Amino acid sequence: DNDEDWESSYQLCMDCFSKGAEAAAIAGDYEQMDAWLSVAIRRSIGLDDQFRAHYIHVRSLAQRNEMEKAVDVGLEALELIGVRIPSDNVKLHTLIELFKTRRLMKRICVADLKKIEPNKEKQVVSASRLLNILGTLSLSGKKHLCPLICFKSVQFNIKHGILSGMPIS
């Protein structure tokens, strides 16, 4: 974690710390993973790198069976890129998102959905994947948020196109 290294080879350092955190998570060395992730998050310059670190953190928390914390970290990550899922007044927000989703789905048919070219921008792909993961994780932690997350995911996929490999596809 040397200033000079980060200034001269930012992307290499970010990749090393992110990959190191992923490897530590896979090995079950969460202490090391947390250390590398904290550096990656602190040193990140752009949203893509910050989001990537949070995404790794969410997956590692899920691996540790800390579902509620994983959902919280995931929601923070989504907020970084402008996708807000409120955790207060959940019933009201769920009803609002239900009506938004129904209105969107009334305007579009399955054939039209298939015609929408998926947006391949890094943030869109990452957000779509994270929404998918959070939908599943919220079933084990924060069940009250699951419908809200699912409605947001459907809206997101209608707006940005459905990526292959997503459950909604």
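Up top you'll find the structure we're talking about.
The shown structure was predicted, so the numbers you read here are calculated from the model rather than taken from an experiment.

Each value, and the rule that gives it
- Residues numbered from 1 in each chain as written.
- Predicted model: local features only at pLDDT ≥ 70, side-chain atom pairs only at ≥ 80, totals over all residues.
- Heavy atoms only, no water.
- Helix = DSSP H or I, 4+ residues; strand = E, 2+ residues; numbered from the N terminus.
- Buried < 20%, exposed > 50% of the residue type's maximum accessible area, 1.4 Å probe, protein only.
- Contact = heavy atoms within 4.5 Å.
- 1 Å grid on protein atoms, 1.4 Å probe; cavity = no way out; pocket = protein on both sides within 12 Å on 5 of 7 lines; lining within 4 Å.
- Points joined across faces, edges and corners; volume = space filled by probe spheres on them.
- Axes fitted to C-alpha atoms, helices over the stretch in contact; angles between N-to-C directions.
- Parallel < 35°, antiparallel > 145°, perpendicular 65-115°, else oblique.
- Left-handed = near helix turned anticlockwise from the far one by under 90°.
- Nonpolar A, V, L, I, M, F, W, Y, C, P; charged D, E, K, R; others polar.
- Salt bridge = Lys/Arg side-chain N within 4 Å of Asp/Glu carboxyl O.
- Phe/Tyr/Trp six-rings, centres within 6.5 Å; stacked < 30°, edge-to-face > 60°.

A few words on the side chain of serine 60. Relative to the helices and strands, serine 60 is located in helix H4 (residues 47-63). For serine 60, a relative accessible area of 1% translates into the label buried. Not counting chain neighbours up to four residues away, the residues in contact with serine 60 comprise Ala25, Tyr30 and Met33.

Moving on, we get to the layout of surface pockets. The space that makes up the largest pocket amounts to roughly 300 Å³. In this structure, the largest pocket is lined by 14 residues; those nearest its centre are Phe51, Arg52, Tyr55, Lys122 and Ser126. Taken together, the elements giving at least two residues each to the lining of the largest pocket come down to helix H2 (10-27), H4 and helix H8 (122-140). At seven residues, the largest contribution of residues to the lining of the largest pocket is made by H4.

As a further point, take the packing of H4 against H8. Interhelical geometry of H4 versus H8 gives an angle of 20 degrees and a closest axis separation of 11 Å. By the angle between their axes, H4 is roughly parallel relative to H8. Relative to H8, the crossing made by H4 is left-handed. Contact with H4, carried on its side by Leu47, Asp48, Phe51, Tyr55, Val58, Arg59 and Ala62, involves Lys122, Gln123, Ser126, Ala127, Arg129, Leu130, Ile133, Leu134 and Leu137 of H8 and no other residues of that element. Of the residues assigned to the contact of H4 with H8, the class counts are ten nonpolar, two polar and four charged.

A word on the pattern of salt bridges. Applying the stated criterion to the full structure yields eight salt bridges. As a salt-bridge pair, aspartate 72 and lysine 142 come within 2.7 Å of each other at their nearest N and O atoms. With a gap of 70 residues between them, aspartate 72 in helix H5 (residues 67-80) and lysine 142 in the loop between H8 and helix H9 (146-160) connect regions that are remote in the sequence. Take lysine 142: its relative accessible area is 22%, and that puts it in the partly exposed class.

With that out of the way, let us pick up the packing of aromatic side chains. Applying the stated criterion across every chain, the model contains two aromatic pairs. Between the aromatic rings of tryptophan 6 and phenylalanine 17, the centroid separation amounts to 5.4 Å while the plane-to-plane angle is 45 degrees, which identifies the pairing as tilted. Placement of the pair is tryptophan 6 in helix H1 (residues 3-8) and phenylalanine 17 in helix H2, with a sequence separation of eleven residues. On the basis of relative accessible area, phenylalanine 17 is assigned to the buried category, the value being 16%.

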